[in-house]
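One-letter residues, chain by chain:
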Amino acid sequence: MVWTGTWVAERLGVELIGDEELPDLLGLALRRNPKRAHLLVSGVLGKHVPQRPSVVYGAGLDLGRRVRALLGDEEAARAVVLGYAETATALGHAVADGLALAPYLHSTRRPVPGVARAGGFEESHSHATSHLLLPEDPKLLAGDGPLVLVDDEFSTGNTVLNTIRDLHANYPRERYVVVALVDMRSAADLGRLDAFAEEIGARVDLIARAAGTVRLPEGVLEKGRALVAEHETAPEPKAAAPAPGAVRAGLDWPRGLPDGGRHGFTPEHRERLEAALPALADRVGAALGAASRAPRTLRAPQAQETPETGTGTGTGIGADTDPGTPTAAPRVLVLGFEELMYAPLRLGTALEDAGHDVRYSTTTRSPVLAVDDPGYAIRTRLVFPAHDDPADGPGERYAYNVAGGGFDAVVLVVDSAADTPALHAPDGLLARLAEHVPHVVLAVVPSYVPGTAGAARTVENGGTGRTTVTATEAPERSSMLPEPLRGPAFSSYAPEEVGWLLQDLSDVELEAPTEEREEAIQSGGAHYAESLPVEYQPSERYQELFHAALEGSAARIARAVGTVTETVLAERAGTPVLVSLARAGTPVGVLMRRWAQARHGLDLPHYAVSIVRGRGIDANALRWLAAHHDPADVVFVDGWTGKGAITRELADAIRESEEFDGFDPDIAVLADPGSCVRTYGTREDFLIPSACLNSTVSGLISRTVLRSDLVGPDDFHGAKFYRELAGSDVSGVFLDAVAARFDEVAATVDTDVKELLAADRAPTWEGWAAVERISEEYGIHDVNLVKPGVGETTRVLLRRVPWKILAKRGADADLAHVRLLAEQRGVPVEEVDDLPYSCVGLIHPKYTRGATGADGKAVVSQ
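The structure displayed is predicted, hence computed values, not measured ones.

(A) Inspection of the overall build of the protein chain at higher detail. Broken down by element type, the protein chain carries 22 helices and 37 strands. When contacts within the protein chain are restricted to residue pairs at least 6 apart in sequence, long-range pairs at least 24 apart make up 76% of them.

See the structure below:
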């Protein structure tokens, strides 16, 4: 018989290597995904390929029994089983059933207001990466017993490591067990789990049904994309005339019984479900009616066999009877819904126990190419709109290998949150199923929401009348904000150094010539945050200045880092949560985090958020922080103050919204020459070398972007990751050089902090007054075009069209790079006495492109 990975293997040169059982467990398909071209399609998971419910459930039970044998009954009773959404929710639940003694929880992409988030993580290769953990009992993950993590495949280990990293930081334990149907790690990934276990000081075991790897030839991503493009326009299976509307099966689901493991499922819940399953199956069987009883002749299936042990042999989807052979049992497909996999699976096993000829699979968010070939795992696909009001917005959903499967009836099982008008619409899932299957039965399981009681409600049922069903009402759901971006996928910083509360716009063309941007900004045609300047590439001479400045100032910066960090620790009662203002504040936040770790053993959370002058701070980022931390613990961090515009922007944003009352708008900075804040390392205006460069000293991240066509009301502000500049990146060099001086400045820092804590640090806003004076003296009449301090002056020279530079007489030590940039751009430097800053940059007032000469240098306005 033909292996269902043959089509992909022959065209892309992909090889499946490992245990003899692998070809029976896995087929291959293609998908449009920039990270992985191929998709391993399981024949025993019950997701994409219809399979006997007993085979799907049995695979999980067997793995769970192996876990129990490994742990022993005493440890198994202390364990918690965690499954991954959406693919492994039923597999994880079956593993928990096999373990028998432990509660079960699965991750979810559906946020539920009122349910505290106990953790989250990223699944980097997935099409939808953010996972939430929402247990009803917050103590579920807080125990110290073994944590059993279940996924369908263990491919790189990234997902498991992200999960353990997040949970171990809050709920450390001594033992983890990783469970998968197949272990498909490459040789390069095999040692990562052991190394990580040693790093966190815990034991990590791995149990899999089979092991192997996928050998990918060079250029497989490009070849895969081309192959998908060639075949993805193929028409869907030819539809028959729609059958009559769906028959609704009244399940009489046990009141208060969770529909699955989204909020936790205990052994006691399992006992209630087991007791109820026969009656539930009887109700579904009754709804199947004549289709479940009448003899018939099977129609010839249009696609490949799904054997009872995998996808390796056969002649038709789910068919174990030759076409044309009479049978007394109609073929029934129980079709689950995305994360709702376990309840449909158990209904399927109960129907199977009652003598029905049943297969089981579920709908999915994952887009996969369908090719009607016996050597390809995904023969057909049905496309339909999402029908559960998803938090991330509308989109297509899919049901694979249903059309052409030779099914006489399909039982669609959804939760009540998904029983919406969209489900019953002319282009909805019920209508699509009716085009290909003679009989459609709808079974609705009440959506379980912690803390609410079951209530009767009336729903539209797609034209068949209004039906009253018992359901647990889900409150209106807010949009789900994604988890922070982290390196190395976003930024060159280590993942634990900072989480970016931003959205990745790396693939969007945002850069514009400096002169073009300046004219648009000053004419009112665009806001500066709607585009990005072209990244400045420093000359060899400029780079030498940076390294010289870093060498000369590292100890001074370390002293300021230590002083501001110790001040924060002394004045905050709880554990501070550092929130740097991207991007200038981010290196400072990383250094403060390193200081707290080196001196006090503290592992401070650190995030970066966007704030835009004139537009305010990213409100969604604040909402995310409020949902995950006590706002009172948040400390905003920036590199330096100029005239204090951002300080005022943050204060106004927080004070104007009652939603953010718990946040303290005070900003902690390294240098406060403008006397704008009360928490600082120094009030001297000195060179901070991170101000000398752009992204290459800030983790390769751009300045943040806020543009309405890219950033919606429920999105984080955006930024770009300049991966292509990795060869010029000095972000780590800067951090390491400063951190290396922590020990030598420690005693001085202790003295500085004692003096600061006893001093009057109230802001005088001296800098703002100076900026207003300069604006009038030089005829600019716009304080936004006056940029005081070394850092702000450097930004003017790197990003804007400078008019002139004011330099404090005698401040040459900190201004070598400023003078070099001014020379390169033809900008005059004017020596000034009585300047409260080392220098001030003046942006060209009333700028037009005529203010720049043919050589690209600024023309001084007379």
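(B) View of helix 5 (residues 89-99). Among the eleven residues that make up helix 5, eleven are buried, leaving the element largely enclosed by the rest of the structure. Looking at helix 5, one finds that the buried residues are Thr89, Ala90, Leu91, Gly92, His93, Ala94, Val95, Ala96, Asp97, Gly98 and Leu99. Downstream of helix 5 by a residue or two, alanine 100 has a phi angle that is positive, lying close to 75°.

(C) Structural detail: the sheet that holds strand 37 (residues 839-843). Strand order in the open sheet made by the four strands is 34-37-35-36, with mixed pairing throughout. The outermost strands of the open sheet, each flanked by one partner alone, are strand 34 (786-788) and strand 36 (829-832). The mean angle between the axes of side-by-side strands here comes to 20°, regardless of whether they run parallel or antiparallel. The sheet contact formed by strand 35 (residues 802-808) and strand 36 spans four bridges and is parallel.

(D) Molecular detail of the packing of aromatic side chains. The full count for this structure, using the stated rule, is ten aromatic pairs. Here tyrosine 398 and tyrosine 400 contribute two aromatic rings whose centre-to-centre distance is 6.0 Å and whose plane-to-plane angle is 15°, an arrangement assigned as stacked. Across this residue pair, the class does not change: tyrosine 398 and tyrosine 400 are buried. Ring centres of tyrosine 607 and tryptophan 624 lie 5.2 Å apart, and the angle between their planes is 65°; this geometry places the pair in the edge-to-face category. On the criterion of sequence distance, the pair formed by tyrosine 607 in strand 27 (residues 606-609) and tryptophan 624 in helix 16 (residues 619-628) is long-range, its members being 17 residues apart. Comparing tyrosine 607 with tryptophan 624 shows no difference in burial state: the two are buried. Between arginine 346 and the ring centre of tyrosine 57, over which it is positioned, the NZ or CZ distance is 4.2 Å. Here arginine 648 stacks its cationic end above the ring of tryptophan 768, 4.0 Å away from the centre of that ring.

(E) Examining the pairing of strand 31 (residues 667-671) more closely. Counting buried positions along strand 31 yields five of five residues, so the element is predominantly enclosed. Where strand 30 (residues 634-640) meets strand 31, four bridges bridge the pair, whose relative direction is parallel. Bridging from a neighbouring strand, phenylalanine 636 pairs with isoleucine 667 of strand 31. Each parallel crossover has a hand, and for strand 30 linked through helix 17 (residues 645-655) to strand 31 it is right-handed.

(F) Fine view of the sheet that holds strand 19 (residues 439-445). Here five strands make up an open sheet; going across it, the order is 11-19-18-14-15 and the pairing parallel. Edge strands, defined here as strands with exactly one partner in the open sheet, are strand 11 (247-249) and strand 15 (357-363). Strand-to-strand twist across the sheet, computed as the mean angle between neighbouring axes with direction ignored, equals 25°. Bridging between strand 14 (residues 331-337) and strand 15 involves seven bridges; their strand directions are parallel. Its bridge partner lying in strand 15, phenylalanine 337 is registered against threonine 363. Contacting strand 14, strand 15, strand 18 (409-415) and strand 19, helix 10 (residues 342-353) runs over the sheet at an angle of about 175° to strand 15.

(G) Up close: the packing of helix 6 (residues 158-170) against helix 7 (residues 192-200). One way to put it is that helix 6 packs onto helix 7 with a least axis distance of 11 Å and a crossing angle of 10°. When the axis of helix 6 is compared with that of helix 7, the two are roughly parallel. From helix 6, Asn158, Val160, Leu161, Ile164, Arg165 and His168 reach across to helix 7, where they touch Arg192, Leu193, Phe196 and Ile200. Taken together, the residues that form the contact of helix 6 with helix 7 break down as six nonpolar, two polar and two charged.

(H) Spatial organisation of the pairing of strand 19. Most of strand 19 sits out of view: six of its seven residues are buried. Sheet topology note: the strand 11/strand 19 ladder contains three bridges and is parallel. Residue pairing across strands places alanine 249 opposite alanine 443, the latter belonging to strand 19. Examined bridge by bridge, strand 18 and strand 19 share seven bridges and lie parallel to one another. Its bridge partner lying in strand 19, aspartate 415 is registered against valine 445.

(I) Examining the side chain of arginine 397 more closely. Checked against the element boundaries, arginine 397 lands in strand 17 (residues 396-400). Judged by relative accessible area, which is 5%, arginine 397 ranks as buried. One polar contact links arginine 397 to glutamate 338, side chain to side chain, over a distance of 3.0 Å.

(J) Looking closely at unusual backbone geometry. Each neighbour pair has its own omega, and for alanine 85 with glutamate 86 the value is -5°, a cis peptide bond. The residue glutamate 86 is located in the loop between strand 4 (80-83) and helix 5 in this model. Looking along the chain, the bond that leaves glycine 487 and enters proline 488 is cis, with omega of 0°. Relative to the assigned elements, proline 488 resides in the loop between strand 21 (466-471) and strand 22 (499-500). Unlike most non-glycine residues, aspartate 252 shows phi in positive territory, near 55°. Along the chain, aspartate 252 falls in the loop between strand 11 and helix 9 (267-288).

(K) How the structure looks around the pattern of salt bridges. According to the stated counting rule, one finds 48 salt bridges in the structure shown. One salt bridge connects glutamate 10 with arginine 11, and the closest N-O pair in it is separated by 4.0 Å. Accessibility expressed as a relative area gives 62% for glutamate 10, which makes it exposed. Across the pair aspartate 205 and arginine 203 runs a salt bridge whose closest N-O atoms are separated by 2.9 Å. Residues joined in a network through salt bridges with shared partners are Arg52, Arg331, Glu352, Asp357 and Arg359.

(L) Spatial organisation of the packing of helix 3 (residues 53-71) against helix 10. As a packed pair, helix 3 and helix 10 sit with axes 8 Å apart at the nearest point and diverge in direction by 120°. What the angle tells us is that helix 3 and helix 10 run oblique. Classified by chirality, the crossing of helix 10 by helix 3 is left-handed. Residues Pro53, Ser54, Val56 and Tyr57 of helix 3 lie in contact with helix 10, whose contacting residues are Tyr342, Leu345, Arg346, Gly348, Thr349 and Glu352. For the contact of helix 3 with helix 10, a count of residues per class yields five nonpolar, three polar and two charged.

(M) Summary view of the environment of proline 689. Mapped onto the secondary structure, proline 689 falls in the loop between strand 32 (679-682) and strand 33 (718-719). Proline 689 sits 45 residues away from phenylalanine 734 along the chain, and the two C-alpha atoms are 7.9 Å apart. Ignoring any residue separated from it by four or fewer positions in sequence, one finds proline 689 in contact with Phe546, Ala549, Leu550, Ser553, Ile557 and Phe734.

(N) Looking closely at the environment of leucine 510. The topology assignment puts leucine 510 in the loop between strand 23 (503-504) and strand 24 (511-512). Taking the C-alpha atoms as reference points, leucine 510 and proline 533, separated by 23 residues in sequence, lie 8.1 Å from one another.

(O) Fine view of the environment of aspartate 427. Tracing the backbone shows aspartate 427 in the loop between helix 11 (421-424) and helix 12 (429-434). For the pair aspartate 427 and valine 383, spaced 44 residues apart in sequence, the C-alpha separation works out to 9.1 Å. Beyond its immediate sequence surroundings of up to four residues, aspartate 427 is in contact with Phe384, Pro385 and Arg432.

(P) Here's a closer look at helix 14 (residues 540-571). In this model, helix 14 (32 residues) spans 44 Å end to end at C-alpha, consistent with the 46 Å of a helix rising 1.5 Å per residue. The largest bend along helix 14 measures about 55° and falls at serine 553.

(Q) Spatial organisation of the confidence of the model for the protein chain. Per-residue confidence for the protein chain gives a mean pLDDT of 82, with 84% of residues at or over 70. The low-confidence segment residues 453-479, where pLDDT is below 50, has 66 contacts with residues more than four positions distant or belonging to other chains. Per-residue pLDDT stays below 50 along residues 848-862; that stretch engages in 28 contacts with residues further than four places along the chain or on separate chains.

About the criteria used
- Residues numbered from 1 in each chain as written.
- Predicted model: local features only at pLDDT ≥ 70, side-chain atom pairs only at ≥ 80, totals over all residues.
- Heavy atoms only, no water.
- Helix = DSSP H or I, 4+ residues; strand = E, 2+ residues; numbered from the N terminus.
- Contact = heavy atoms within 4.5 Å.
- Buried < 20%, exposed > 50% of the residue type's maximum accessible area, 1.4 Å probe, protein only.
- Pairing = 2+ DSSP bridges.
- Axes fitted to C-alpha atoms, helices over the stretch in contact; angles between N-to-C directions.
- Phe/Tyr/Trp six-rings, centres within 6.5 Å; stacked < 30°, edge-to-face > 60°.
- Lys NZ or Arg CZ within 6 Å of the ring centre and 35° of its normal.
- Right-handed = clockwise from strand over helix to strand, strands pointing away.
- Parallel < 35°, antiparallel > 145°, perpendicular 65-115°, else oblique.
- Nonpolar A, V, L, I, M, F, W, Y, C, P; charged D, E, K, R; others polar.
- Polar contact = N/O pair within 3.5 Å; in protein donor to acceptor, adjacent residues only side chain to side chain.
- Salt bridge = Lys/Arg side-chain N within 4 Å of Asp/Glu carboxyl O.
- Left-handed = near helix turned anticlockwise from the far one by under 90°.
- Expected span 1.5 Å × (residues − 1).
- Bend = angle between axes of the 7 residues up to and from the residue.
- pLDDT = per-residue confidence, 0-100.

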